[in-house]
Amino acid sequence: MVRINDILDTILEYNSEAELHIVERAYIYSAQVHDGQMRLSGEPYLSHPLAVAFILAKMKLDVESIAAGILHDVIEDTHATKADIERLFGHNIAHIVEGVTKLSKLTLSDKVARQAESLRKMILAMADDIRVVLIKLADRLHNMRTLNYHNPERQISIARETLDIYAPIAARLGIFWLKQELEDVSFFYSMPEEYKKIDTLVNKARDEKEAYVKEVMEKLQEKLSLEGIEADIKGRFKQHYSIYHKMLSQNLEFNQVYDLIAFRIILEKKAQCYEVMGIIHDMWKPIHYKFKDYIGVPKQNGYQSLHTTVIGPHGERVEIQLRTKDMDEIAESGIAAHWSYKEGARIDEKTGKTFAWLRNLVDNQKESTDPDEFLENVRIDLYPDEIYVFTPDGEIKTLPKGATPVDFAYMIHTKIGDQCVGAKVNDKMVPLNYKLETGNSVSIITAKDHHPTPDWLNFVVTVKARSKIRHWINAQEKERSISLGREMCEKLFRKKGYNFNAMVKSGELDSIADSFSFKVVDDLIAHVGFGQITPLQLFHKVVPDDEKDREQEKKGDKLSAILDKLIGKNRKRKKNSGGIVVKGIDDILVKFSKCCNPLPGDEITGFITQGQGVTVHRKGCINTLQMASERKIDVEWSDDYKDSYPARIRIRATDRTGFLADVAMTINKSGANIINAQTETSEFGAVKSYFTISVSSIEQLEKVMNELRRVKHVNDVKRIDTTE
């Protein structure tokens, strides 16, 4: 168990003038309010906040952060209040502790919504006070270090959440030692069989490579000494999760991962990094496309280094990183090395510009109300594989890998993006879906009468471009739906002897719009145009005593006519299309999306497609993010569905004799039918199998998946979309 003196001594190592009394008082108070509480390990609960504070001290944070780390659970887990903390420790510490507490309180039951809300809170907390998130990361790290006291199901759940949320945030903040430990511990608990295989292979390789590591380091040291250059040279093995992820993403066998070992050379001055790189390239032949200059063009989180890969002794590839001591500290500590809160001082302007992406991250998410869209946008922002391109004036712009000229145009200005008609890369015309590469010089050609098109959504990768294109498309869809809705309402109201336009102008419909939860009448009319509200429904709100038409509405005749107009006269008429009811009508053409394969029991949503009826998707399907919200229509499962539906699942397992036979038998015994099967086995025995099976409902699918999880050597069973 960490002692308070361990924390105080660590603080004094990097700040001899620190006001330690704040930390000591926080320790005493935390010990009092947590008295009698125990952790699952059997240790006093106080051991956890002390461990968190010790991690923060190792990160060289200020005393306010460390005191807040000791107090981070008191509001949530004891009788203490924010007012108590503010009275005893001041506004700053109380604000931080409250921020950490808010991150812990997530009451949503839906997993996707809960994950989205967790990320949203983390992003807002980062923009408000980065120390809140640094404490939360330290809190998660200690919880991962003591995860062995939880049951296996809880271990897997916490480990996966850590891989999905906390490790990417640590990486985005540049705290790579923290990111790597979170990933490796999560890997150990979430995929134990794969971890064991990688661990065995790495340890075997380590024994074989030790002599090689020593040889490379000696040759480098000898050469640099001859040149009169002092350097600290280190050799390290790639982390387990990084190896596994590389093998999986690039479909490699273990012996094909050539960069198991990376060498790091720490120097005094920036100029020496380039000098030593030249010396190394003179010693061993460089691989030209593996050279990266992150000193001249730093990553957005402040990371700086030269990366080069050479053909070293015995013809083996050697990856080498060169950086100064300051760069090395930033590379390890990231934002924690920048964020200096001496006696409550705020971040300086230079560092603020370095981490301007935080503000952009917040700005990009402001209008995201759908959890799935939000998660997709944050995934893009948190997992940036970056490229660096130049404006015509020579200014460097950072974009995600795969970015196109349209992404570049929207990064410059929304108006330039909207009016983009062409692009030149290195003075040559390229298509708008051209994938930019580091070093490209990009210029955009615009036209005043040009506008975005929906197909741009198929190739843009930045959040800003996606959101601006969607905004323009939705605005156009709304204009068309207002025009159609107004025409439909005018006809119906005229037939009933009323003047619809006069009612709108008089303000008579303002209260009606409010009753439908719309701010303005145009929004109400737009929803009529898209078939989400019928003209007859609107009429009965205005003239509620027309019983004859109310009966017609129940029968659905009017809505059917509306959908005829929206979707096309040639739509098929069949009862209960696939077990789906559209707004109470069961004679509309219904198609199930092949991307997400909805099943009875899934939450579903429908989208009107001109001439093709209604397409049904699972709520949260990634493809629905590209569709205009006005096209959405309410759908539900009918009570008497009897069909079978396809579902796609992925099974991760460790290979053994008879494995596939057992899986097939389990699926058949569960009453499901196998439509399609694919499987692949890696060199280290990891099996990844994909099955498309026919089931009657989500309940049957869950039963099949639960049975499969009981099959020997199965590590994970997951329902997936066709895009995965």
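Anything mentioned here points back to the structure above.
What counts and how
Residues numbered from 1 in each chain as written. Predicted model: local features only at pLDDT ≥ 70, side-chain atom pairs only at ≥ 80, totals over all residues. Heavy atoms only, no water. Pairing = 2+ DSSP bridges. Helix = DSSP H or I, 4+ residues; strand = E, 2+ residues; numbered from the N terminus. Axes fitted to C-alpha atoms, helices over the stretch in contact; angles between N-to-C directions. Contact = heavy atoms within 4.5 Å. Buried < 20%, exposed > 50% of the residue type's maximum accessible area, 1.4 Å probe, protein only. Expected span 1.5 Å × (residues − 1). Bend = angle between axes of the 7 residues up to and from the residue. Polar contact = N/O pair within 3.5 Å; in protein donor to acceptor, adjacent residues only side chain to side chain. Core = buried A, V, L, I, M, F, W, Y, C linked by side-chain atoms within 4.5 Å.

Spatial ordering of the open sheet is given by 19-20-18-21, a layout of 4 strands whose pairing is antiparallel. Two strands in the sheet have a free side with no partner beyond their single neighbour: strand 19 (673–681) and strand 21 (714–719). Pairs of neighbouring strands in the sheet enclose a mean axial angle of 15°, with direction left out of account. Bridge count for strand 18 (residues 645–654) against strand 21 is 5 bridges, and the pairing is antiparallel.

What follows covers the sheet that holds strand 11 (residues 442–446). Within a sheet, adjacent strands bond to each other through the backbone by hydrogen bonds, running parallel or antiparallel. Strand order in the open sheet made by the 3 strands is 10-9-11, with antiparallel pairing throughout. Both edges of this open sheet fall to strand 10 (428–430) and strand 11, since each of them pairs with a single strand only. Across the sheet, the axes of successive neighbouring strands diverge by a mean angle of 35°, strand direction being ignored. Where strand 9 (residues 420–425) meets strand 11, 5 bridges bridge the pair, whose relative direction is antiparallel. Each residue of the ladder has a partner; that of Gly 422, found in strand 11, is Ile 445. Along the sheet face, helix 20 (residues 405–412) touches strand 9, strand 10 and strand 11 and points at about 80° away from the line of strand 11.

This part covers the environment of Glu 490. Structurally, Glu 490 is set in helix 22 (residues 463–495). What makes Glu 490 partly exposed here is its relative accessible area of 23%. It is 7.1 Å that separates the C-alpha atoms of Glu 490 and Asn 501, two residues lying 11 residues apart in sequence. Setting aside residues no more than four positions away along its own chain, Glu 490 makes contact with Phe 500 and Asn 501.

Taking 1.5 Å per residue, 21 residues should reach 30 Å; helix 10 (residues 152–172) reaches 29 Å between its end C-alpha atoms and fits that length. Of all the bends in helix 10, the greatest, near 45°, is centred on Thr 162. The distance from a side-chain oxygen at the start of helix 10 to the backbone nitrogen of Glu 153 is 3.2 Å, and the residue carrying that oxygen is Asn 151. Backbone geometry just downstream of helix 10 places Gly 174 in the positive-phi region, at approximately 80°.

Next up on the list: the nonpolar core. Within the largest apolar cluster, 61 residues are counted, with the highest numbers of intra-cluster contacts made by Ile 7, Ile 11, Val 23, Leu 71, Ile 85 and Ile 93. With 9 residues, helix 9 (residues 130–145) is the largest single contributor of residues to this core. If we skip the residues at most four places from it in the chain, Val 23 touches Ile 4, Ile 7, Leu 8, Ile 11, Val 63, Ile 66, Ala 67 and Ile 70. Judged by nonpolar contacts, the second largest core, of 43 residues, contains Tyr 244, Leu 260, Leu 267 and Met 277.

Nothing here speaks to function; it is all geometry.
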